[in-house]
Amino acid sequence: MVRTWERRWLRPLTRGERPGLSVVCFPHSGGSAGFFAEWVPALPPAVRLLAVQYPGRGDRFREPPAGDVRTMAAGVAAELLETARQTPCVLFGHSLGALVAYETALALREAGSQPLRLCVSSSPPPELAAGGRTHLGPDEEFWTTLCELGGIDPDIAGNTELRSVLLPMLRSDVRASETYRPRPGTAPLSCAVRCYHGDGDPLVEEATQPEWARVTTGDFALRVRPGGHFHLRHDLAGLIADTVQVTPV
């Protein structure tokens, strides 16, 4: 029998019955659904955690990378509408994932199923996202940049064989982020938006982060956290509590 679930976008990381809230996590460039497995112990029992698996990694390794933010968002939105429409939904996107989560929110709105809340992390706002040139650098420079940001596992960073396998997927992800442009005339969302910025992030200027408020007419909050671009590795319980808006255990 041919298994088809590998080609789907969402991976359930919790198995709770009758969830009161679904949190959908979108990883960074080169990231996989498994990046969010460490969220599970810190989640309240009534919260279901779903993580997005982009093509070209994990159990979708043999698929070509999507290479385009809206293509990724369309796939996720279609699956959410199919499987999770009955449960209030929070979208959490980190770096590239923030842009994919934003476009997913727009796609859900078009289908009449806007998320409860959009949480964006370590990303320029949509209007300022384009223009980066990291994806154009030579392999050695490109790889070194990603390693310095903390986006490459140290156990992988020095493995030349793995590097040659991973580079095309990583470059495609970074290209998708750096060439993304929002559609002109897009109306703002009405759901709440929470923005998380890592203090000292070399890729995202803190001064740009209030611009995320422009994507919604609803409530907006900005949180500055320690840890730079991968601030998710610092006080994870506090981040999750703020995302789902419950008191940390």
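As the structure is a computational prediction, the values presented were derived from the model and not from experiment. (Residues numbered from 1 in each chain as written. Predicted model: local features only at pLDDT ≥ 70, side-chain atom pairs only at ≥ 80, totals over all residues. Heavy atoms only, no water.)

J.: Which parts of the structure should I look at to understand the nonpolar core?
T.: In globular proteins that are soluble, nonpolar side chains generally tend to be buried together. Of all hydrophobic cores here, the largest spans 35 residues; its most connected members are Val 24, Phe 26, Leu 91 and Leu 118. Secondary-structure elements contributing two or more residues to this core are strand E2 (21–26), strand E3 (47–52), helix H1 (69–83), strand E4 (89–94), helix H2 (96–110), strand E5 (117–121) and strand E6 (192–198). In terms of residues, this core owes the most to one element, H2, which gives nine residues. Dropping the residues within four chain positions of it, Phe 26 is found in contact with Phe 36, Val 52, Tyr 54, Val 76, Leu 91, Phe 92, Gly 93, His 94, Gly 97, Val 100, Ala 101 and Thr 104. Core analysis: the next-biggest nonpolar cluster, separate from the first, contains 21 residues, Val 23, Phe 35, Leu 43 and Leu 49 among them. (Core = buried A, V, L, I, M, F, W, Y, C linked by side-chain atoms within 4.5 Å. Buried < 20%, exposed > 50% of the residue type's maximum accessible area, 1.4 Å probe, protein only. Helix = DSSP H or I, 4+ residues; strand = E, 2+ residues; numbered from the N terminus. Contact = heavy atoms within 4.5 Å.)

J.: I keep staring at the pairing of E2 and nothing clicks. Help me out?
T.: A regular strand carries its side chains on alternate faces of the sheet. Extensive coverage of E2 is indicated by the burial of six of its six residues. Taking every second residue as pointing to the same face, both faces of E2 are buried, with Leu 21, Val 23 and Cys 25 on one and Ser 22, Val 24 and Phe 26 on the other. When E2 meets E3, the two strands line up parallel, connected through five bridges. Across the sheet, Ser 22 pairs through a bridge with Arg 48, a residue of E3. Two strands pair when backbone bridges link them, and E2 and E4 are joined in this way by five bridges, in the parallel orientation. Bridge pairing in E4 links Val 23 to Val 90. (Pairing = 2+ DSSP bridges.)

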